Amino acid sequence: MTFREAARRVVAEEIAPSMTHQRISQLASTDDSFPPVQQIGRSKVVDWVKARPYFVAHAAKAAQRDSRRRPSSEESSNE
């Protein structure tokens, strides 16, 4: 799927509170663990089956750094 659709799914599936196709492009170009990317025409695409676990892990790391990204149930158990 395109980076734009992947960003939409990350938010729709509540993996992360926000995501943009620009951020996905940045991750794809700077993170060696990002799943393989193909170019189709002017769009870059990624296999969601491989990308979803990457985004789940990435969101978990972000939540450790930023309390605003933690699920609400986790915040209440930490208080």
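Quick note: structure is the one above.
Description of the structure in this document.

What counts and what doesn't
Residues numbered from 1 in each chain as written. Predicted model: local features only at pLDDT ≥ 70, side-chain atom pairs only at ≥ 80, totals over all residues. Heavy atoms only, no water. Salt bridge = Lys/Arg side-chain N within 4 Å of Asp/Glu carboxyl O. Helix = DSSP H or I, 4+ residues; strand = E, 2+ residues; numbered from the N terminus. Buried < 20%, exposed > 50% of the residue type's maximum accessible area, 1.4 Å probe, protein only. Axes fitted to C-alpha atoms, helices over the stretch in contact; angles between N-to-C directions. Parallel < 35°, antiparallel > 145°, perpendicular 65-115°, else oblique. Contact = heavy atoms within 4.5 Å. Nonpolar A, V, L, I, M, F, W, Y, C, P; charged D, E, K, R; others polar.

1. Quick word on the pattern of salt bridges
Phase 1 of the analysis: All chains considered together, the criterion is met by three salt bridges.
Phase 2 of the analysis: With its nearest N and O atoms 3.6 Å apart, the salt bridge here joins Arg 9 to Glu 5. Taken together, the residues Arg 9 and Glu 5, both in helix H1 (residues 3–12) and four residues apart, mark about one turn of the helix.
Phase 3 of the analysis: Look at Glu 5 and you get partly exposed, because its relative accessible area is 25%.
Phase 4 of the analysis: For Glu 13, the salt bridge is made with Arg 52, and the minimal N-O distance between the two is 2.7 Å.

2. Remarks on the packing of H1 against helix H2 (residues 21–30)
Phase 1 of the analysis: Remark: H1 packs on H2, axes separated minimally by 8 Å, with the N-to-C direction vectors making an angle of 110 degrees. One finds that H1 runs roughly perpendicular with respect to H2. Here H1 contributes Phe 3, Arg 4, Ala 6 and Ala 7 to the contact with H2, which in turn contributes His 21, Ile 24, Ser 25 and Ala 28.
Phase 2 of the analysis: Across the contact of H1 with H2, the residue classes tally to five nonpolar, two polar and one charged.

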